[in-house]
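What follows is the residue order along each chain.
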Amino acid sequence: MSDPFSFELQASQVVTDQAVAAASENAVEDLEVKDAQIIFNTVWEDLENEIGHENLRFSKELILLGGAPGSGKGTNSEFISKVRGLTCPPIIVSDLLNTPEAQRIKEAGGMVGDTEVVGILFRKLLQPAYRDGCILDGFPRTRVQVECLHLLIQKMNQLYREYHTTPLAINFRKPTVHAVVLFIDERTSIERQLLRGRKIAAHNERVVLEGAGQEIELRPTDLDPIAAKRRYRVFKEKTWDALQSLKQIYHYHFIDADGSIEEVEQKIRVELDYQSSLELDPETYDAVRGLPLATELGVHARQELVRRLDSYQLEHGELFHAVIDIIEERFMPIIQRHAIAGLAVINSEDTIFEDPLTLAMVIDVFAERGFRGVANINFAETPDHFDLKTGKITCRTKKIFRFQVRFEGSEIRRGGR
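Source: prediction; values computed, not measured.

(A) Quick look at a nonpolar patch on the surface. Taken together, the side chains of Phe386, Leu388 and Ile393 make up a nonpolar region of the molecular surface, amounting to roughly 360 Å² of accessible area. Within the secondary structure, Ile393 is located in strand β8 (residues 393–406).

(B) Molecular detail of the packing of aromatic side chains. Here the structure, examined in full by the defined rule, presents 17 aromatic pairs. Through pairs of rings, three or more aromatic residues link up here, namely Phe183, Tyr232, Phe235, Trp240 and Phe254.

(C) Spotlight on the sheet that holds strand β7 (residues 372–386). Read from one edge of the open sheet, three strands run β6-β8-β7, paired in antiparallel fashion. Only two strands of the sheet have a single partner each, and these edge strands are β6 (343–348) and β7. Geometrically, the sheet is characterised by an average inter-axis angle of 25° between neighbouring strands, direction not taken into account. Bridge analysis of β6 against β8 gives six bridges, and the strand direction is antiparallel. Bridge pairing links Ile346 to Phe403 in β8. Relative to the sheet, helix α13 (residues 317–337) contacts β6 and β8, its axis offset from that of β6 by approximately 150°.

(D) Up close: the nonpolar core. Formed by 62 residues in total, the largest nonpolar core has its most connected members in Phe58, Leu125, Leu136 and Leu246. No other element matches the 10 residues that helix α6 (residues 143–163) contributes to this core. Not counting residues within four places of it along the chain, the set of residues in contact with Leu246 comprises Leu64, Pro140, Val146, Leu149, Ala179 and Tyr252. Formed by 28 residues, the second largest nonpolar core is a distinct cluster that contains Ile327, Ala344, Ile352 and Phe407.

(E) View of the confidence of the model for the protein. In this model, the protein carries an average pLDDT of 82, and 82% of its residues clear a pLDDT of 70 or more. Within the protein, helix α1 (residues 4–51) has the poorest average pLDDT of any element, 59, and α13 the best, 95. Across residues 1–29 the pLDDT falls below 50, and counting only partners more than four positions away or on other chains, this stretch makes one contact in the model.

(F) How the structure looks around the pattern of salt bridges. Within this structure, the stated rule accounts for 12 salt bridges. The partner of Arg187 in a salt bridge is Glu191, and the shortest N-O contact between them spans 3.3 Å. Of the two residues, Arg187 and Glu191 both sit in helix α7 (residues 186–210), four residues apart, roughly one turn of that helix. Residue class for Arg187 comes out exposed when judged on its relative accessible area of 63%. Overall, Glu191 belongs to the partly exposed group, its relative accessible area being 44%. Taking the shortest distance from any N to any O, the salt bridge between Asp350 and Arg330 comes out at 2.8 Å. Placement of Asp350 in the loop between β6 and α14 (356–368) and of Arg330 in helix α13 is noted, with a sequence separation of 20 residues between them.

(G) Representation of the sheet that holds strand β4 (residues 176–183) within the structure. Spatial strand order, β2-β3-β1-β4-β5: five strands in an open sheet with parallel pairing. Strands with a single pairing partner mark the edges of an open sheet, and in this sheet they are β2 (91–92) and β5 (251–256). Looking at chain direction, strand β1 (residues 61–67) and β4 are connected through seven bridges and run parallel. Opposite Gly66, over in β4, you have Val181 as the bridge partner.

(H) Focus on the pairing of β7. Examined bridge by bridge, β7 and β8 share 14 bridges and lie antiparallel to one another. In the strand pairing of β8, Asn378 is matched with Ile400.

(I) Representation of α13 within the structure. In this model α13 runs 30 Å from its N-terminal to its C-terminal C-alpha over 21 residues, within 8% of the 30 Å that 1.5 Å per residue would give. In α13, a bend of some 45° at Phe331 exceeds every other bend along the element, and Pro333, a proline, comes one to four places later. By the burial criterion, the buried members of α13 are Phe320, Val323, Ile324, Ile326, Ile327, Phe331, Met332 and Ile335.

(J) Representation of the side chain of Thr142. With respect to the helices, strands and loops of the structure, Thr142 is situated in the loop between β3 (134–137) and α6. Given the relative accessible area of 14%, Thr142 is considered buried.

(K) Highlighting the packing of helix α5 (residues 114–125) against α6. Following both chains from N to C, one finds α5 and α6 inclined at 35°, their axes separated by 10 Å at the closest point. When the axes of α5 and α6 are compared, the crossing they make is right-handed. Contacts between α5 and α6 involve Asp114, Val117, Val118, Phe122 and Leu125 on the former and, on the latter, Val144, Gln145, Cys148 and Leu152. Tallied by class, residues from the contact of α5 with α6 come to seven nonpolar, one polar and one charged.

(L) How the structure looks around the environment of Ile51. Secondary-structure assignment places Ile51 in helix α1. Taking C-alpha positions, Ile51 is 10.0 Å from Leu126, a pair spaced 75 residues apart along the chain. Setting aside its immediate chain neighbours within four residues, Ile51 contacts Leu56 and Leu126.

Cut-offs used in this document
Residues numbered from 1 in each chain as written. Predicted model: local features only at pLDDT ≥ 70, side-chain atom pairs only at ≥ 80, totals over all residues. Heavy atoms only, no water. Patch = residues over 30% accessible without salt bridge, like charges linked within 9 Å, V, L, I, M, F, W, Y side chains within 5 Å. Areas by Shrake-Rupley, 256 points an atom, 1.4 Å probe, with all protein chains shown as cover. Salt bridge = Lys/Arg side-chain N within 4 Å of Asp/Glu carboxyl O. Helix = DSSP H or I, 4+ residues; strand = E, 2+ residues; numbered from the N terminus. Phe/Tyr/Trp six-rings, centres within 6.5 Å; stacked < 30°, edge-to-face > 60°. Pairing = 2+ DSSP bridges. Axes fitted to C-alpha atoms, helices over the stretch in contact; angles between N-to-C directions. Contact = heavy atoms within 4.5 Å. Core = buried A, V, L, I, M, F, W, Y, C linked by side-chain atoms within 4.5 Å. Buried < 20%, exposed > 50% of the residue type's maximum accessible area, 1.4 Å probe, protein only. pLDDT = per-residue confidence, 0-100. Expected span 1.5 Å × (residues − 1). Bend = angle between axes of the 7 residues up to and from the residue. Left-handed = near helix turned anticlockwise from the far one by under 90°. Nonpolar A, V, L, I, M, F, W, Y, C, P; charged D, E, K, R; others polar.

Given below as structure tokens:
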């Protein structure tokens, strides 16, 4: 018969070992957080000293693109840009780190230090080309990088609050963060890495033989099954948990990338469909949310549309709300009466439309709600006075603002049924 006290001692020892392990894990996490704070503070202070506080203008939208080796980040980044309406190229973190030391680390299947990654990346994000949004291919990859990202978003929100009521508000909009994670299993990852290596090797061989074209960089890991497997293991051990932690805070999109390009693209499109409640400034969304939504806003020029709407709210708030009131009280009843036709023509003589900016506001508000609006200015001669003695008629010129609003109309029941 076993000794009950011995059993209790063993159970107690198990709990104690688990507690020690958990405490060790927490200690490591705390240390990582402290390291991240030191790295971030150093980089941030350098940026402030270098370019000034008012010039810390980062991207309005950050799309964090992560995934296992061979998951298709490079293949799908162009499609993601199209879906999100981004015109700037993605920032490929690995391409930013081309120092000889960083190259040696990458060739061995390792990872470049967080300090180098954060410093170079933040400077890149400040370039005007990325002001409306950008894709970060390969960031974050570690818990330290995740913490640096959190600290950056906190700073961006502070800048948003600081400049929200100033003329510089359009440069410091509330950030939107999407984490897009492409996942494949280990076997698929290794197969795709080696297939990529064979294709690049064959391409480079043709370039050498034919003397035409340009060679493509070939990673040593793409030719070695053991190195390819090690790259995947590094991803699972260091990057996967970091990416998983993003779902607690940001818009998180898990994409099963084990399929054809067309299948993966369809999954990405479903995940990244535009949602105004997530992307507009909260005050801007509150201003337009009462208007009926006809169809989803097309992704073409979406980033520019969001920027313009936010600028109306931030820089011309009173005028913007006056235009919205006119649309809601005067325009929408007419549009609703033309729901079957899908076309409404509205004339207005309101002097508020003398300002060309208000016409742009009308078109953009309708576009945000899914309508297609066109504004024209017409002039009409109206008799104003008739001289009985001379028979002369004096006319005044009346300015008429004409709006055409198109949308998908309702189907009419046809036939005898």
